[in-house]
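Chain by chain, the residues run as shown.
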Amino acid sequence: MNEGAGRHAASRTPPMPTPQPPSPRALALWRRAEQRVDAAFGSTCNPLRQLGALGFFAFWLLALTGIYLYTGFDTSAAGAWASIERLSREQPYFGGVLRSVHRYAADAFVVFTALHVVREWLHGHYRGFRRFSWLTGVPLVPLLFVCAIGGFWLHWDQLGQFSAIATAEWLDALPLVGAALARNFITGEAVSDRLFSLFIFVHLGVPLLLVFALWIHIQRVTRAAAFPPRALALGSVAALVALSLAAPVVSHPQADLTRVPAALALDWLLLFVHPLTYATSPGVVWALTAAVFVALLALPLLPAPASARAPVAVVDPANCNGCRRCFADCPYAAITMVPHPSGRPGRQLAQVDADLCASCGICAGACPSSTPFRSVGELATGIDMPQLAIDALRARLQRGIDAMRSPHPVVVFGCRHGAGATAAPDVLVMPLICTGQLPPSFVEYALRDGAAGVVVATCRDGGCEFRLGARWTAERLAGTREPHLRADVPRERVRLVAADAGEEAVLEAAVQQLLECLPQINAPVGPAPKIHHG
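Residues numbered from 1 in each chain as written. Predicted model: local features only at pLDDT ≥ 70, side-chain atom pairs only at ≥ 80, totals over all residues. Heavy atoms only, no water.

Participant: Any chance you could break down the overall build of the protein for me, citing the residues and the numbers?
Facilitator: Counting secondary structure elements, the protein contains 18 helices and ten strands. When its C-alpha atoms are laid out on the principal axes, the protein stretches across 95 × 55 × 40 Å. Put simply, the protein has 534 residues, and 49% of those count as buried. Across the protein, contacts joining residues at least 24 apart in sequence account for 75% of those joining residues at least 6 apart. Of the roughly 25000 Å² of accessible surface on the protein, 64% is carried by carbon and sulfur atoms. On the protein, the mean spot of the 43 positive side-chain charges and the mean spot of the 37 negative ones are 6 Å from each other. (Helix = DSSP H or I, 4+ residues; strand = E, 2+ residues; numbered from the N terminus. Buried < 20%, exposed > 50% of the residue type's maximum accessible area, 1.4 Å probe, protein only. Contact = heavy atoms within 4.5 Å. Areas by Shrake-Rupley, 256 points an atom, 1.4 Å probe, with all protein chains shown as cover. Lys, Arg positive; Asp, Glu negative; His and termini not counted. Charge placed at Lys NZ, Arg CZ, Asp CG, Glu CD.)

What follows is the structure, encoded as structure tokens:
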């Protein structure tokens, strides 16, 4: 960086305490993989950052392609296989391709869901305010497999026959099952239309339950991403169509209970449970399934470390004007509006649900009373974070700028979950709970108080620990969201940088670039002179 400014005295500013992930090394590897994919697709269209939305998208594809396939499907046991074959042969470039897309979308649904669970676990997103989403998300996994496996039965080819019999034998191992289900497949006559109606219910009825479960899963998430960015969605469809054309899904010979299938092309992503059952035993597979399911459900119940328990946002009725900005910006629907205790008609007050609050501070950044320009001894805001109050942030900013002797000092507002900046004689680092906690007026305040430039560092799109912090910060600085950065603030002195943890070099490069540009910038900081304190 600027060696003339005496940066040999640089030192890393201690970060604010953060909850430790269950496996820091594994999380670092995951983030490294995300950053590699960022280089190819950008953070917005990075599939590793959009796993939940991609899972939803795969489900929508399954629903759309399934509806079309069902219109030409014969729901009888005798005619099911022939109707699917007819669809594939008579409409090879539509029905056949949609059939393949339907299968591969099911595989994608499983992959995206599994990776989504892994990613959330690596980030420790199963405690506290995220407990509800985790506990409602885990049951979606068995529902997903029930729907997928049931789809193979409807084909009623030799693979469907194998899957149906293997599933029946697996279920027969349960002590609660009275009559042996495998008896339904002793002879061809046993597979009646009545039994086939059960197959149809499993594959069509359970997805309706899955829709309801997905709806519950996102109830405590504001602006849930149920659809990926358009470019990523189109790319996903193109990939599935290309795969369907390169390796179309075809049926096995028609089911025949008098013969044992000799060779089967298994879909190992969806049907792995069957060979695992035959390689071990039904009891072993049930034990493994129960153990994994119980372990996942038990994670939120484990004692949380003290560092994971952060104070929640606090509302000050005397300074809350009921503007509803915190209500609109909260990522986890933790804020509701209630009648103001003053009793004035139409006036409302923000109310925080402690069980849902993420302690992110985004609400404080949205509050209009959080401006540091208020001429009061103690800056009290309508809603604030006890662990890093807006008044303490202003006081720390004032002291830090006053202590700097560099001709071109730079203030870096950063996120404790993102890339860490390096403090130096010409760089003041101001770590925040989340960059969304920063009121945009603090950028102008820093410039008026003596800073020559300001860098606002957020996490990358899709990488924000609190989902919407980076997005709201970018929109506030761009002037498209309230509260916004005033138009007369010289933008050449302000930099917005997106860098995740592990991408410190990206942030350092942005700071260095601003430091090198500042001596050539002659535009005034603003109409007002430097702010004097005291």
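Resuming the write-up.
Participant: Report on helix 17 (residues 469-478), specifying residues and quantitative values.
Facilitator: For helix 17, the full list of buried residues reads G469, A470, W472, T473, R476 and L477. End-on view of helix 17: buried residues confined to an arc of 165°, all on one side of the axis. On its buried side, helix 17 packs onto helix 13 (325-329), helix 14 (362-366), helix 16 (441-448), strand 9 (453-458) and strand 10 (494-498). Within two residues after helix 17, G479 carries a phi angle of roughly 85°, on the positive side. (Arc of directions from axis to C-beta.)

Participant: Quick one: what's the story with the layout of surface pockets, residue by residue and with numbers?
Facilitator: As a volume, the largest pocket reaches approximately 1300 Å³. The wall of the largest pocket is formed by 47 residues, among which G52, H116, E120, A225 and R467 lie closest to the centre. With seven residues, helix 4 (residues 95-122) is the single largest residue contributor to the lining of the largest pocket. Broken down by class, the residue content of the lining of the largest pocket amounts to 24 nonpolar, 13 polar and ten charged. (1 Å grid on protein atoms, 1.4 Å probe; cavity = no way out; pocket = protein on both sides within 12 Å on 5 of 7 lines; lining within 4 Å. Points joined across faces, edges and corners; volume = space filled by probe spheres on them. Nonpolar A, V, L, I, M, F, W, Y, C, P; charged D, E, K, R; others polar.)

Participant: Please set out the side chain of R130 residue by residue, giving values where relevant.
Facilitator: Structurally, R130 is set in the loop between helix 4 and helix 5 (131-137). Non-local contacts of R130, meaning those with residues more than four positions away in its chain, are made with H125, Y332, E465 and F466.

Participant: Tell me about the sheet that holds strand 9, residues and numbers included.
Facilitator: On the basis of which strands lie adjacent, the open sheet formed by four strands has the order 8-6-9-10 and parallel pairing. Both edges of this open sheet fall to strand 8 (427-432) and strand 10, since each of them pairs with a single strand only. The average angle at which neighbouring strand axes cross in this sheet is 15°, direction not considered. As judged from the four bridges shared by strand 6 (residues 410-415) and strand 9, these two strands associate in the parallel manner. Across the sheet, residue V411 finds its bridge partner in strand 9, namely V454. Each of strand 9 and strand 10 touches helix 17; the most contacted strand, strand 9, lies at about 150° to it. Contacts between helix 18 (residues 504-517) and the sheet are confined to strand 6, strand 8, strand 9 and strand 10, with strand 10 contributing the most and set at about 165° to the helix. (Pairing = 2+ DSSP bridges. Axes fitted to C-alpha atoms, helices over the stretch in contact; angles between N-to-C directions.)

Participant: Can you lay out unusual backbone geometry for me, pointing to particular residues and giving the numbers?
Facilitator: Of note, the bond from E482 into P483 is cis; its omega dihedral lies within 30 degrees of zero at -10°. Its location among the elements puts P483 in the loop between helix 17 and strand 10. Even without glycine at this site, R324 takes up a positive phi of about 75°. Mapped onto the fold, R324 is located in the loop between strand 2 (314-315) and helix 13. One non-glycine residue, S359, lies in positive phi territory at about 55°.

Participant: Residue-level account of the pairing of strand 9, with values.
Facilitator: Burial of strand 9 is extensive: six of the six residues sit out of reach of the surface. Handedness of the crossover is the feature at issue here: the chain leaves strand 9, passes through helix 17, returns alongside strand 10, and the resulting connection is right-handed. (Right-handed = clockwise from strand over helix to strand, strands pointing away.)

Participant: Any details on the nonpolar core? Residues and values, ideally.
Facilitator: Counting 61 residues, the largest nonpolar core has W156, F185, F196, F199 and L210 as its most contacted members. When residues no more than four places from it in sequence are discounted, the contact partners of F185 are W156, A164, I165, A168, V191, L195, F199 and L257. Ranked by size, the runner-up nonpolar core spans 53 residues in total, among them A313, Y332, M337 and I401. (Core = buried A, V, L, I, M, F, W, Y, C linked by side-chain atoms within 4.5 Å.)

Participant: Would you mind going over a nonpolar patch on the surface in detail, with residue names and values included?
Facilitator: Nonpolar side chains collect at one region of the surface, where W268, F272, L276, V284 and L288 lie side by side and expose about 470 Å² of accessible area between them. One can find V284 in helix 12 (residues 282-298). (Patch = residues over 30% accessible without salt bridge, like charges linked within 9 Å, V, L, I, M, F, W, Y side chains within 5 Å. Salt bridge = Lys/Arg side-chain N within 4 Å of Asp/Glu carboxyl O.)

Participant: Which residues make up the pattern of salt bridges, and what are the values?
Facilitator: Applying the stated criterion across every chain, the model contains 20 salt bridges. Between E465 and R130 there is a salt bridge, with its nearest N and O atoms 3.7 Å apart. Residue E465 is located in the loop between strand 9 and helix 17, and its partner R130 is located in the loop between helix 4 and helix 5; the two are separated by 335 residues in the primary sequence. The burial state of E465 is the same as that of R130; both residues are buried. One connected set of salt bridges, linked through shared partners, spans E34, D38, R49, R119, E120, R460, D500 and E503.

Participant: Pulling in residues and values, what's your account of the packing of helix 2 (residues 51-71) against helix 8 (residues 193-217)?
Facilitator: When two helices pack together, you describe them by how their axes are tilted relative to each other and by the distance separating the axes. Put simply, helix 2 and helix 8 touch, their axes get as near as 12 Å, and they point 145° apart. For helix 2 against helix 8, the interelement crossing comes out left-handed. For the pair helix 2 and helix 8, the contacting residues are F56, F59 and Y70 in the first and I200, L204, P207, L210, V211 and L214 in the second. (Left-handed = near helix turned anticlockwise from the far one by under 90°.)

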